[in-house]
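Examination of the molecular architecture
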Amino acid sequence: MKTIKVLGSGCKKCQQTAENIQQIADEMGQEITLEKVTDTAEIMGYGVMSTPGVVVEEKVLHAGGVPDKEKIKSMLSQ
Amino acid sequence: MFELFTLLANVVTYDILQLAPSSGLAKSVHFFVEDTSKIFFLLSVIIFVMGLFRSLLAPEKVRLYLEGKPKGLTYFLAVILGAVTPFCSCSSVPLFIGFIEAGIPIGATMAFLIASPMINEVAVVILGTIIGWELTAVYVGTGLLVGILGGWACDVFKMERFVEDYVWKIRTGQIVMPAYDNSLKGRMTFAWGEVKEIVGRIWLYVFIGIAVGAGLHGFVPTTFFADYAGPDNLFAVPLAVLAGIPLYSNATGVIPVAEALLGKGVPIGTVLVLMMSVVAISIPEFVILRKVIRLQGLVYFASFLALAFICVGYLFNALQ
């Protein structure tokens, strides 16, 4: 089971990102724990200035916008 | 090309609604239709075009441009970068922490945060087409100058004393550069997303601004402002600045109000500082900044800006 964190202050794009990830994970039949990180200090701790960002298993794989479907798939299969 | 919007307003006001051209209502409706169509059109087009170039203007890039530069130079760079970088007050905090963490002086950081909401491509183009390029140049020049002075003052008065302790403890390590899809299709998708997001966020402010402008234009007699906000009234400038503190709008929303006030003969300095105060000193922005700067620091900061705006107002009214 993968732990995935969505970094963002709770803006619309961040929610969109989280929803998309959950949906694609469901489609792929992959179990994930999805966590939203909204604390700015913690987000900055990952080195992300442009949110939303996506962290998979403590590695930042994406920053600066809602990732598209292909990107989410490749992140989930890593 | 902008006659198109005047034409549209003519058709709506005089042909469809059949209003008598001299009536206050006709003036208001005409103003409202022309400004609504023109501003929302320009807003969408400019945001879209800027969206195509986002990778150049990402905050991560700005941080790199400012990092390690001599202090005196950083103020100038910061205000110019602030002016060209599209900005949402929701990114103030990550930006602030990111800059401080990179060792960029607090003065340059604050200069960036002052200039960014006041001056941007959208406001400049809309302002230029509505109140003329000469006044727009004055607005931009003044905004940059206040940003530079504000940044400098933050360093002189050691604003870093008021930065929350946790900010200094954050270690970001390597900043992650967003991976942008730089194909044309990717850029267009992003740009269109920006249009939807930004217009969705600010349309109400713009709408209210146009409505207020239209009301002033059609229903407030010129003599009212001549009596209360004319060049002879020394209190008009500080009152304009004070009025702008609780009022909040973004730079685009305040333009129609400025347009109507200028049309009523309110002096340029007074209008200019009302605009700047409404945009730059705002409670929502300060609530966000409160996360990184203590209240006392914010009060100093707001007072400095208010004072600077008052000086600017008197200066331009005297020069007029």
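Residues numbered from 1 in each chain as written. Chains lettered and ligands numbered in written order. Predicted model: local features only at pLDDT ≥ 70, side-chain atom pairs only at ≥ 80, totals over all residues. Heavy atoms only, no water.

1. Some words on the overall build of chain A
Of the regular secondary structure elements, chain A holds three helices and four strands. Reading chain A from its N terminus to its C terminus gives the helix and strand order β-α-β-α-β-β-α. Scaling as 2.2 N^0.38, a compact globule of 78 residues should have a C-alpha radius of gyration of about 12 Å, and chain A matches this with 11 Å. By the burial criterion, 47% of the 78 residues in chain A qualify as buried. Of the contacts formed within chain A by residues at least 6 apart in sequence, a portion of 64% connects residues at least 24 apart. Here chain A carries 9 positive and 11 negative side-chain charges, and the mean point of each set is 6 Å from the other. (Helix = DSSP H or I, 4+ residues; strand = E, 2+ residues; numbered from the N terminus. Rg over C-alpha atoms; globule rule 2.2 N^0.38 Å. Buried < 20%, exposed > 50% of the residue type's maximum accessible area, 1.4 Å probe, protein only. Contact = heavy atoms within 4.5 Å. Lys, Arg positive; Asp, Glu negative; His and termini not counted. Charge placed at Lys NZ, Arg CZ, Asp CG, Glu CD.)

2. Description of unusual backbone geometry
Phi is mostly negative for residues that are not glycine, and the peptide bonds are mostly trans. Residue and element names in this part refer to chain A. For the peptide bond that leads from Thr 51 to Pro 52, omega is -5°, which places it in the cis range. Along the chain, the position of Pro 52 falls in the loop between helix H2 (40-45) and strand S3 (53-56). Of note in this structure, Glu 58 is not a glycine but carries a positive phi near 65°. Structurally, Glu 58 is set in the loop between S3 and strand S4 (59-63).

3. Here we look at the sheet that holds strand S1 (residues 2-7) of chain A
All names here are of chain A. Spatially, S2-S1-S3-S4 is the arrangement adopted by the four strands of the open sheet, whose pairing is mixed. Looking at the sheet topology across the chains shown, the edges are occupied by strand S2 (32-37) and S4. Taking each pair of neighbouring strands and ignoring which way they run, the sheet shows an average axis angle of 20°. Where S1 meets S2, six bridges bridge the pair, whose relative direction is parallel. Within S2, the position partnered with Lys 5 by the bridge is Glu 35. Along the sheet face, helix H1 (residues 12-27) touches S1, S2 and S3 and points at about 175° away from the line of S2. Relative to the sheet, helix H3 (residues 69-76) contacts S1, S2, S3 and S4, its axis offset from that of S4 by approximately 175°. (Pairing = 2+ DSSP bridges. Axes fitted to C-alpha atoms, helices over the stretch in contact; angles between N-to-C directions.)

4. So, the environment of Phe 235 of chain B
Residues and elements named next belong to chain B. The topology assignment puts Phe 235 in the loop between helix H12 (222-228) and helix H13 (236-244). Classification of Phe 235 by relative accessible area gives exposed; the value is 60%. Taking C-alpha positions, Phe 235 is 43 Å from Arg 54, a pair spaced 181 residues apart along the chain.

5. Some details on the interface of chain B and chain A
With 21 residues of chain B at the contact, the number on the chain A side is 14 residues. Buried area between chain B and chain A, both sides added, is near 1,400 Å², and the carbon and sulfur share of it is 64%. Considering only the surface of chain B that becomes buried against chain A, Pro 94, Thr 172 and Val 176 of chain B emerge as the three largest contributors, covering 31% of it. Linking chain B with chain A are two salt bridges. For the salt bridge of Lys 13 of chain A with Glu 197 of chain B, the shortest nitrogen-to-oxygen distance reads 3.1 Å. Counting every contact that joins chain B to chain A gives three residue pairs in polar contact (both at pLDDT 80 or more). Counting residues per element, the ones that place at least two in the side of chain B that touches chain A are helix H4 (59-66), helix H6 (92-101) and helix H11 (184-219) of chain B. (Buried area = accessible area lost by both parts, 1.4 Å probe. Salt bridge = Lys/Arg side-chain N within 4 Å of Asp/Glu carboxyl O. Polar contact = N/O pair within 3.5 Å; in protein donor to acceptor, adjacent residues only side chain to side chain.)

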